[in-house]
Amino acid sequence: MEKHKIQIERELHCRSSNIIWSLLSTAEGLEKWLADSVQRNGKVLSFRWGELWQSHEVRTATIIKEAKDKYIRFRWDEDADEDADVYCEFKIEKSDITNDYILTITDYADEDDVDTITDLWENNLEQLHRSTGL
């Protein structure tokens, strides 16, 4: 089944690329807004939602491209067999108008899941705002 591209942009009220980069590329940063637990071992990311002793989900991803303070792109391991153009990416660019940074999230979903995945990312961005103020 063909995947549909989803892109969400959010202005982050922060002028430090180092702060934003740590939230997007480190286990500690990702735990603030994306998953309950994250481990990074080189190019492998392991995400866990839920508590270990209860119902939980674990997904792993492999980083396929990364440029410090610019973007990190990874592919969920269960999507590894699929088209090379299917990935998840967090990209930051500085706004010429506000001098704040804009985060663009790119992801892919099956046609039936586009709304659900979009809502999930919107909720994650709200969690980022609540936990960091960005």
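The coordinates are above.
First things first, this report covers the structure right here in the doc. What you see is a predicted model; the values in this text were computed from it and never measured.

1. Observations concerning the pattern of salt bridges
Moving on, step 1. For the structure shown, the criterion picks out ten salt bridges.
Moving on, step 2. A salt bridge links Arg-10 to Glu-126; the shortest N-O distance between them is 3.5 Å. Of this pair, Arg-10 sits in strand β1 (residues 3-12) while Glu-126 sits in helix α3 (residues 114-132), and the two are 116 residues apart along the sequence.
Moving on, step 3. Here Glu-66 and Arg-40 are joined by a salt bridge, their closest N and O atoms 2.8 Å apart.

2. A short note on unusual backbone geometry
A negative phi holds for most residues other than glycine; trans holds for most peptide bonds.
Moving on, step 1. Look at Asp-69: it is not a glycine, yet its phi comes out positive at around 65°.
Moving on, step 2. With respect to the secondary-structure elements, Asp-69 resides in the loop between β4 (57-67) and β5 (71-76).
Moving on, step 3. Note on Asp-69: relative accessible area 23%, which makes it partly exposed.
Moving on, step 4. Phi at Asn-99 is positive, roughly 65°, even though this residue is not glycine.
Moving on, step 5. Relative to the elements of secondary structure, Asn-99 occurs in the loop between β6 (88-94) and β7 (101-110).

Calculation criteria
- Residues numbered from 1 in each chain as written.
- Predicted model: local features only at pLDDT ≥ 70, side-chain atom pairs only at ≥ 80, totals over all residues.
- Heavy atoms only, no water.
- Salt bridge = Lys/Arg side-chain N within 4 Å of Asp/Glu carboxyl O.
- Helix = DSSP H or I, 4+ residues; strand = E, 2+ residues; numbered from the N terminus.
- Buried < 20%, exposed > 50% of the residue type's maximum accessible area, 1.4 Å probe, protein only.

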